[in-house]
There are 2 protein chains.
Amino acid sequence: MAKTDTSSPEELMKLDNFLCFAIYSANHAFTRVYKPLLDELDLTYPQYLVMVVLWEKDDQTVGSLGERLFLESSTLTPMLKRLEAMGYISRVRDRADERQVRVCLTETGLTLKEKASAVPRGIIEATGMEPAEIGRLKQEVAALRTLLLR
Amino acid sequence: MAKTDTSSPEELMKLDNFLCFAIYSANHAFTRVYKPLLDELDLTYPQYLVMVVLWEKDDQTVGSLGERLFLESSTLTPMLKRLEAMGYISRVRDRADERQVRVCLTETGLTLKEKASAVPRGIIEATGMEPAEIGRLKQEVAALRTLLLR
DNA sequence: TTGATTTATATCGTGCTCGATTTAATAGCA
DNA sequence: TGCTATTAAATCGAGCACGATATAAATCAA
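Here the structure is a predicted model, which is why all the values come from computation and not from measurement. (Residues numbered from 1 in each chain as written. Chains lettered and ligands numbered in written order. Predicted model: local features only at pLDDT ≥ 70, side-chain atom pairs only at ≥ 80, totals over all residues. Heavy atoms only, no water.)

## Regarding the nonpolar core
1) Next: Of all hydrophobic cores here, the largest spans 99 residues; its most connected members are Phe-18, Tyr-34 and Tyr-48 of chain A together with Phe-18, Tyr-34 and Tyr-48 of chain B.
2) Next: Those residues in contact with Tyr-34 of chain B, other than ones at most four positions away along the chain, are Phe-18 and Cys-20 of chain A together with Tyr-45, Tyr-48, Val-119 and Ile-123 of chain B. (Core = buried A, V, L, I, M, F, W, Y, C linked by side-chain atoms within 4.5 Å. Buried < 20%, exposed > 50% of the residue type's maximum accessible area, 1.4 Å probe, protein only. Contact = heavy atoms within 4.5 Å.)

## Considering the packing of aromatic side chains
1) Next: Going through the model one piece at a time under the given rule, you end up with 14 aromatic pairs over all chains.
2) Next: Seen from their ring centres, Phe-21 of chain B and Tyr-24 of chain B are 6.0 Å apart, and the 35° between their planes marks the pair as tilted. Here Phe-21 of chain B pairs with Tyr-24 of chain B, and both are found in helix H2 (residues 19-39), just three residues apart, close to one helical turn.
3) Next: Taking the centre distance of 5.6 Å and the plane angle of 45° together, the rings of Tyr-34 of chain B and Tyr-48 of chain B count as tilted. Here Tyr-34 of chain B, found in helix H2, pairs with Tyr-48 of chain B, found in helix H3 (residues 45-56); they are 14 residues apart in sequence, far enough to count as distant. Accessibility classification places Tyr-34 of chain B together with Tyr-48 of chain B in one group, the buried group.
4) Next: Chaining the aromatic ring pairs together yields one cluster made of Phe-18, Phe-21 and Tyr-24 of chain A together with Phe-30, Tyr-34, Tyr-45, Tyr-48 and Phe-70 of chain B. (Phe/Tyr/Trp six-rings, centres within 6.5 Å; stacked < 30°, edge-to-face > 60°. Helix = DSSP H or I, 4+ residues; strand = E, 2+ residues; numbered from the N terminus.)

## Here's the deal with helix H4 (residues 62-69) of chain B
1) Next: Every buried residue of H4 of chain B is accounted for by Val-62, Leu-65, Gly-66 and Leu-69 of chain B. Buried residues of H4 of chain B fall within an arc of 100° about the axis and therefore sit on the same side.
2) Next: At its buried positions, H4 of chain B is contacted by helix H2 (19-39) of chain A together with H3, strand S1 (60-61), helix H5 (73-85) and strand S3 (101-105) of chain B. (Arc of directions from axis to C-beta.)

## Details of the interface of chain B and chain A
1) Next: If you look at the interface, chain B gives 60 residues, while chain A gives 60 residues.
2) Next: Here chain B meets chain A over a buried area of about 5,800 Å², counting both sides, of which 69% is carbon and sulfur.
3) Next: Area buried by chain B at its contact with chain A is led by Met-13, Tyr-24 and Leu-148 of chain B, which between them contribute 12% of it.
4) Next: On the surface where chain B and chain A come into contact, there are six salt bridges.
5) Next: Between Glu-140 of chain A and Arg-136 of chain B there is a salt bridge; the shortest N-O distance is 3.0 Å.
6) Next: Where chain B meets chain A, there are 18 residue pairs in polar contact (both at pLDDT 80 or more).
7) Next: Of all the secondary-structure elements, those providing two or more residues to the side of chain B that touches chain A are helix H1 (9-12), H2, H3, H4, helix H6 (107-116), helix H7 (119-127) and helix H8 (131-148) of chain B.
8) Next: If one sorts the elements of the side of chain B that touches chain A by residue count, H2 of chain B sits on top with 15 residues.
9) Next: Within the side of chain B that touches chain A, the residues separate by chemical class into 38 nonpolar, eight polar and 14 charged. (Buried area = accessible area lost by both parts, 1.4 Å probe. Salt bridge = Lys/Arg side-chain N within 4 Å of Asp/Glu carboxyl O. Polar contact = N/O pair within 3.5 Å; in protein donor to acceptor, adjacent residues only side chain to side chain. Nonpolar A, V, L, I, M, F, W, Y, C, P; charged D, E, K, R; others polar.)

Here you go:
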C-alpha cells in the first residue's frame, strides 16, 4: 500500500488525517460500548472512572481525584454530588483543613466493585484486540497526552 | 524494561491500564491545546470539525455531517444554529425533499478557511511528534474506533 | 388514493466539561 | 497579631453529547 502524503496544506486540513478526530471519535465509540455495561451499575462513564479511582485508593480529596482524572472541581463537584445522592460515596469536609472535602466509598460503593469486575473484560472483548496490543496502544496514547499537556 | 502483567482482575480494574481512559484524557488534552488557536476563529473544537467537513465538501445535509462526525442530529442541530448565528453557514430546507436541511458555507465561512490554515501545523507542533508517527497512531486509533462500532 | 411505515430533523431532559468567578479557610509575613 | 496571598471547593453560564420522543415529509402498499 502506498503512503499517503499528509504534508500539503490541503491534506493537513482533511478530517481523516486528524489524529485529534480519531481520538475524539474513538472516545465517543468507547462511551457507547460502555453504556449497556454501566447501565447495570447505574453509572455513567465518567462516574465509573471516579469509582475506579476510589476503588484503587479510598478517601481522596476532590483535588486529588481531579489530578488523577485531569478534571476540574467544576466538573467533579456536581458529579460527586450525584454519586453521593446514589449512596456510593460520602463527601465530608476535612477536620484539619476545612477547605478540603474528603471523598470516601460507602459500604454500597465498595460492594459495587465486585459487580463491576466483569466490565473490563467486556470492554476488552468489544475491541477484539489482543491485551498486549491494547497495552501498547494505551501507552502510546498516554504518551501523546503527556506531550499535549506539556 | 519488564512487561507489566495486566491480566489479573485486580490489574484489569486499574485506571492506568485503561485504553479508554488514555483516549478520554488525550481527547481533553487536545481540546485544551486547540482552545487558544480556535479562539482566534471564534470556534469551539466541535464547531471547527463541522467547518472542516464543510470546507472539504460544501452543501451537506445534517445527516451526512452526522455520519462523517459520528454525531446525532440532537447534537448537530443546536451547533449548526450557532454557526448560522455567527454567519459561517446557512441552513435551508431542501426543495426536493423538505425533510432534509442543506448546510452550506457562507462567504464568511469559506473565507475563514484561510485564517484556519495555520491551525493544523500548530497542533502538530504541539504534539512534538513526527508527521509519520502521527499518521500511524491516527490509523491505529481509527481502526480501534471501527472495531468498537461494529 | 389513502393509510401505514419510514426517514430526516428538531426538541427535551440529563449529565459532562470548561473558564471565570466566588467563598471560605489556611499559610505566610511584617 | 493582623494583613495579605494562596489554596480548595463550589457556583455560574455556555456549549457538547446522547437517548427518547415529536413533528413533518416522503415512501410504500393495498
